[in-house]
Amino acid sequence: MPKQQLLQNISLTHSKNKTMKKIGLTLLVALCGTYCLAQQNKLSYGLKAGINISTINDGDPKSKTGFVGGAFANYKINESISIQPEVLYSMQGYTSTIIGDFEGSAVNYKDDTKLHYLNIPIMLRYNYKGIFAEVGPQFGINLRNTLDYEVELDYYGNNVTFSDRLKDIAKTFDFGVGVGLGYEIPKTNLNVNARYMFSLTSFYTDAGTTSGGYQFVDNESGSPKNRVLSFSLGYKF
C-alpha cells in the first residue's frame with residue numbers, strides 16, 4: 001500500500017475514533033444528567049392509557065369512542081409546578097347523518113370518519129395536595145384516516161343505495177390546545193386525568209381518494225376542527 005494512502009487511512013480511522021468518542025461522551029453526559037435529575041426526584045417517567053370521546057365542531061356530528069395511550073415524562077420545576085411532555089397514540093373521529101332531498105326524493109346520507117394520530121402534548125401542570133390542573137399545546141401527526149359513507153335514495157319509488165370508502169381526507173399535521181384536571185392517588189404511583197383538547201387548525205384537506213383510486217375535491221365541507229375529551233389512568237415508574 002502506498003505510504004500516502006496508508007497515512008490517509010490512519011487519519012480517517014483516527015477521525016472516526018474521535019467522532020465516536022465525542023458521541024459516546026455526549027450520551028454519557030446525557031445519561032448522567034438524566035440519572036442525576038431522577039435522583040433528585042425532579043424527573044420521572046410513566047405510561048398512560050384511556051379512552052377518547054371525539055367529535056368535530058362543524059355541523060351536527062355524533063361522537064366516537066376510541067383508545068388513547070402512550071408514554072410521558074414529568075419534570076418538576078418546584079413542588080407545585082411541572083412540565084409534562086407526552087407521546088400518545090390517539091383514535092379519533094365522528095359519525096354524522098344528513099337527511100335531505102334530491103329532485104323531490106328523500107336522501108339519507110351517513111358517514112363514519114376514523115382518524116389515527118400520534119399526538120405530542122406538552123402540558124404545564126400546577127399541583128396542590130395531589131390535585132393538578134394543566135394546560136398546554138398539542139402537536140398531532142396524522143397516521144391514517146378513512147371516511148366510510150353511505151347514500152340511500154328513494155328514486156321514483158326505487159330504493160337505491162351507494163357506499164364507498166374515502167382515504168387521505170385529513171391533513172398530515174394538527175395543532176391544538178389542551179386543558180385538564182387530575183389527581184395523584186396517595187401511596188401509589190397512579191394518577192387519573194381528564195383532558196379536553198380543541199384543535200385550532202382544520203383537519204380536512206377538501207380532497208382525497210376513493211376506494212377505486214380516483215382523486216376528488218370537495219369545496220363545500222367547511223373547516224372542521226377536532227374536539228376530544230379523554231379520560232386516562234397513568235402509572236409513574
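Please refer to the structure higher up on the page.
Draft legend 1. Focus on the pairing of strand β2 (residues 62-76). Judged from the twelve bridges that link them, strand β1 (residues 43-56) and β2 form a sheet pairing that is antiparallel. Note on β2: the bridge partner recorded for Ile53 is Thr65. Taken together, β1 and the strand that follows it, β2, pair antiparallel across an intervening segment of five residues, in which Gly59 is found at a positive phi of about 75°.

Draft legend 2. View of the nonpolar core. Among the nonpolar cores identified, the biggest contains eleven residues, and these are Ile56, Tyr94, Leu115, Tyr117, Leu147, Tyr149, Leu166, Ile169, Ala170, Phe203 and Tyr204. Elements that contribute at least two residues to this core include exactly β4 (105-128) and β5 (131-155).

Draft legend 3. Quick peek at the layout of surface pockets. Volume-wise, the second largest pocket comes out at about 380 Å³. Within the residue set of the lining of the second largest pocket, elements represented by two or more residues are β1, β2, β3 (81-102) and β4. Tallying contributions element by element places β1 first for the lining of the second largest pocket, with three residues. Of the residues assigned to the lining of the second largest pocket, the class counts are five nonpolar, eight polar and six charged.

Draft legend 4. Summary view of the pairing of strand β11 (residues 226-236). Pairing geometry for β1 and β11, over eleven bridges, is antiparallel. Directly across from Thr55, in β11, lies its bridge partner Arg227. In this structure, strand β8 (residues 190-199) lies alongside β11, joined through nine bridges in antiparallel fashion. Looking at β11, one finds that Met197 is bridged to Val228.

Draft legend 5. Spatial organisation of the side chain of Asp111. The residue Asp111 is located in strand β4 in this model. Here the side chain of Asp111 touches Ser96 through a polar contact of 2.7 Å, side chain to side chain. Within the local environment of Asp111, its side chain forms a polar contact with the side chain of Tyr109, the two groups lying 3.3 Å apart. Apart from the residues lying within four places of it in its own chain, the contact partners of Asp111 are Tyr94, Thr95, Ser96, Leu147, Asp148 and Tyr149.

Calculation notes
Each chain carries its own residue numbering, running from 1 in the written order of its sequence. For a predicted model such as this one, the threshold for reporting local features is a pLDDT of at least 70, and the threshold for listing and counting side-chain atom pairs is 80 or more; totals across whole chains, interfaces and linings nevertheless cover every residue. Only hydrogens and water are set aside; all other atoms, that is, all heavy atoms of the structure, feed into the side-chain values. If DSSP finds at least two bridges between two strands, the strands pair. Secondary structure elements follow DSSP: runs of H or I no shorter than four residues count as helices, runs of E no shorter than two count as strands, and numbering proceeds from the N terminus. We call a set of buried Ala, Val, Leu, Ile, Met, Phe, Trp, Tyr and Cys residues a nonpolar core when their side-chain atoms join them within 4.5 Å. Exposure categories follow from relative accessible area, calculated using a 1.4 Å probe and restricted to protein chains: below 20% of the type maximum is buried, above 50% is exposed, and the middle band is partly exposed. Computed over the protein atoms alone on a 1 Å grid, cavities are sets of points where a 1.4 Å probe fits but cannot get out and pockets are open sets with protein on both sides within 12 Å along at least five of seven lines; a residue lines them when it has an atom within 4 Å of a point. Grid points are joined across faces, edges and corners, and a volume is the space filled by probe spheres set on the points. Three residue categories are used. Nonpolar comprises Ala, Val, Leu, Ile, Met, Phe, Trp, Tyr, Cys and Pro, charged comprises Asp, Glu, Lys and Arg, and polar comprises the others, including Gly. Here a polar contact is taken to be a pair of N or O atoms separated by no more than 3.5 Å, where protein atoms must pair a possible hydrogen donor with a possible acceptor and residues adjacent in sequence count only if both atoms sit in side chains. Two residues qualify as a contact provided that any one of their heavy atoms is within 4.5 Å of a heavy atom in the partner residue.

Keep in mind these numbers describe shape, not what the thing actually does.
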